[in-house]
Amino acid sequence: MIIPVKWSDEGVLMLDQRLLPTEEKWLVLKTYNDVADGIRDMVVRGAPAIGVSAAYGMALGARQFVGMDVADLEDELDFVGDALATTRPTAVNLFWAIDRMKRTFQTAKSEGKSVSEIKGILLEDAKAIHDEDIEAQRLIADFGGALIDDNATVLTHCNAGALATGGVWGTALGVIRGAVNQGKTIAVIADETRPYLQGARLTAWELDQDNIPVTLITDNMSGHMMKKGKVQAVVVGSDRIAANGDVANKIGTYMVAVLAKRHGIPFYVAAPLSTVDMNCPTGDDIPIEERDIREVTHVKDIQLAPEGISVSNYAFDVTPNDLVTAIITEKGVARAPYTESLRKQFED
Ligand code: MRU
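Once a new chain begins, its residue numbering starts again from 1 and follows that chain's sequence as written. Local features in this predicted model are restricted to residues whose pLDDT is 70 or higher, and side-chain atom pairs enter the listing and the counts only when it is 80 or higher, whereas totals over whole chains, interfaces and linings include all residues. In computing side-chain properties, one takes all heavy atoms of the structure into account and sets aside hydrogens as well as water.

By nearness alone, 19 residues border the ligand, and Ala47, Arg88, Asp239, Asn249 and Lys250 come closest of all. Polar contacts here mean pairs of N or O atoms no more than 3.5 Å apart (in protein, one a potential hydrogen donor and the other a potential acceptor; neighbouring residues in sequence count only if both atoms are side-chain atoms). Taking Gly46, its main chain carries an N or O atom lying 2.9 Å from an oxygen atom of the ligand. Within the side chain of Asn249, one N or O atom sits 2.6 Å away from an oxygen atom of the ligand. Each accessible area is a Shrake-Rupley result for a 1.4 Å probe, and residues are judged covered by the shown protein chains and nothing else. For the ligand, whose accessible area on its own is 420 Å², the fraction buried by protein is 100%. Numbered from the N terminus, helices here are DSSP runs of H or I no shorter than four residues, and strands are runs of E no shorter than two. Elements with a contribution of two residues or more to the shell around the ligand: helix H2 (47–64) and strand E9 (247–250). Grouping the amino acids of the shell around the ligand by side-chain chemistry returns 7 nonpolar, 8 polar and 4 charged. Structurally, the shell around the ligand is a two-domain feature, drawing no fewer than three residues from each of domain 1 (5–138) and domain 2 (145–347). The near set for a molecule or strand comprises every residue that places at least one heavy atom within 4 Å of it. Ten residue types, Ala, Val, Leu, Ile, Met, Phe, Trp, Tyr, Cys and Pro, are classed as nonpolar, four, Asp, Glu, Lys and Arg, as charged, and the remainder, Gly among them, as polar. Segment limits for the domains were obtained from an automatic or database-derived domain assignment.

Given below as structure tokens:
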């Protein structure tokens, strides 16, 4: 069972995903700045895992506070929240978790709690965010697993597994685990996911640990595999889903969705409601992270491209909602028109 982020009395423990699959090393992050660096530097990655980490970062920030005045703690939490919020722009779970922790603070303050009581309340809420995330993935696994046929081969892009969430299930890999738990025979095709190779390094590793058959392909092989009838469904996760069902996910997801449509293959998105941003009307409103061009020009220290060449490194793209067969959340399966079906899920 993979749980990539944990709380301990020493601080936040993170499995260093930069080193996988060749090394399994845990880091102890003792300050909220360490947690912010951990998110920025991809020690932890994947939208729900980033959200859980940010919640623990807020709890850590409160624990580091030495004063006795609740108003000063409030100022400090604003500061901590800002530090965490500047790490990565696309995954909305980050901002969702920071906002929820701030709301929890406000409730505790309005109830007249002391600084030390509030520190305890914030830690409890961070743990609750973590537990709720795992429970959401379990429900996604149940709902999503039912959509996958027995003997299907499922293609996935990036890593939307236990590593990318609070743990255990994952979103896209949760759907696959759910189908397997339902007694189905499932095989997986994992795109390697250039340039950061989350598919090759993380998805392949995770599925191998669970003995779920996985075949790794380069990103440019998926069209060929679909044309040959080797893919029965595509399942991916998301970093942010707009209110109209447009889906931001790892760069290359849009390309896979277009190919799936061309070949009549269902394209499913699995994500908890903490990934759905009802304040973002469409995908055009989602900020897309651009990362260091060295991720494209190099693999580790090996230079692949000419020195000084112009490079783009967009980390995410947006798949328009008309390419999405269904969005699977902990509340069930949403279908088009998503503006209504997603809103209804928040109301249920
Ligand atoms: O840059 P990353 O590795 O954080 O990107 C991760 C993804 O794009 C995942 O598919 C997404 O966060 C969903 S994780 C359940």
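Its place among the elements puts Asp191 in strand E5 (residues 187–191). Only protein chains enter the area calculation, which uses a 1.4 Å probe; residues under 20% of their type maximum are buried, those over 50% are exposed, and those in between are partly exposed. As used throughout, the charge tally considers Lys and Arg to be positive and Asp and Glu to be negative, leaving His and the chain termini uncounted. Definition used for salt bridges: Asp or Glu carboxyl oxygen within 4 Å of a side-chain nitrogen of Lys or Arg. Despite its burial, Asp191 pairs with no opposite charge, the nearest such side chain being Arg194 at 12 Å. Leaving out residues up to four positions away in the same chain, Asp191 has contacts with Leu155, Thr156, His157, Cys158, Gly199, Ala200, Leu216, Ile217, Asp219, Ser222 and Val256. The contact rule is simple, with two residues in contact once any of their heavy atoms fall within 4.5 Å.

The strand order across the open sheet built from 4 strands is E11-E8-E9-E14, with neighbouring strands paired in mixed fashion. Single-partner strands in this sheet number two, and they are strand E11 (276–277) and strand E14 (316–319). Taken together, the 2 bridges between strand E8 (residues 240–242) and E9 define a ladder with antiparallel strand orientation. Bridge assignment links Arg240 to a residue of E9, and that residue is Ala248. At least two DSSP bridges between two strands are needed for those strands to be called paired.

Our next topic: the side chain of Asn159. Along the chain, the position of Asn159 falls in the loop between strand E4 (153–156) and helix H6 (172–181). Separated by 3.2 Å, the side chains of Asn159 and Thr203 make a polar contact. With near-sequence residues (within four places) excluded, Asn159 lies in contact with Arg45, Ala164, Leu173, Gln198, Leu202, Thr203 and Glu206.

Once that is clear, we can look at the pairing of E9. The antiparallel hairpin formed by E8 and E9 contains 4 residues in its connecting segment, where Gly245 sits at a positive phi of about 90°. Bridge analysis of E9 against E14 gives 4 bridges, and the strand direction is antiparallel. Across the sheet, the residue bridging to Ala248 is Val318, located in E14.

Next up on the list: the sheet that holds strand E2 (residues 11–15). Read across the open sheet, the 3 strands follow the order E1-E2-E3; overall the sheet is antiparallel. Across the chains shown, the open sheet's two edge strands, defined by having one partner strand only, are strand E1 (5–8) and strand E3 (26–29). Neighbour-to-neighbour, the strand axes of this sheet turn through a mean angle of 25°, independent of strand direction. Bridging between E1 and E2 involves 4 bridges; their strand directions are antiparallel. Residue pairing across strands places Ser8 opposite Gly11, the latter belonging to E2. Where H2 meets the sheet, it contacts E1, E2 and E3, and its direction lies at approximately 20° from that of E1. Axes, fitted as lines to C-alpha atoms, cover a helix only where it is in contact. Angles between the N-to-C directions of the axes lie from 0 to 180 degrees.

Here the focus is the pattern of salt bridges. A full pass over the atoms with the stated rule returns 16 salt bridges. Here Arg88 makes a salt bridge to Glu289, at a shortest N to O gap of 2.9 Å. Of this pair, Arg88 sits in the loop between helix H3 (70–85) and helix H4 (92–110) while Glu289 sits in the loop between E11 and helix H10 (294–297); the two residues are 201 residues apart in sequence, bridging distant segments of the chain. No difference in accessibility class separates Arg88 from Glu289, as the two residues are buried. Close ionic contact of Arg294 with Asp301 constitutes a salt bridge, the shortest N to O distance being 3.4 Å. Looking at Arg294, the relative accessible area reads 38%, which means it is partly exposed. Each member of the salt-bridge network shares a partner with another, and the members are Arg88, Glu289, Arg291 and Glu295.

Shape is all these values report; function is a separate question.
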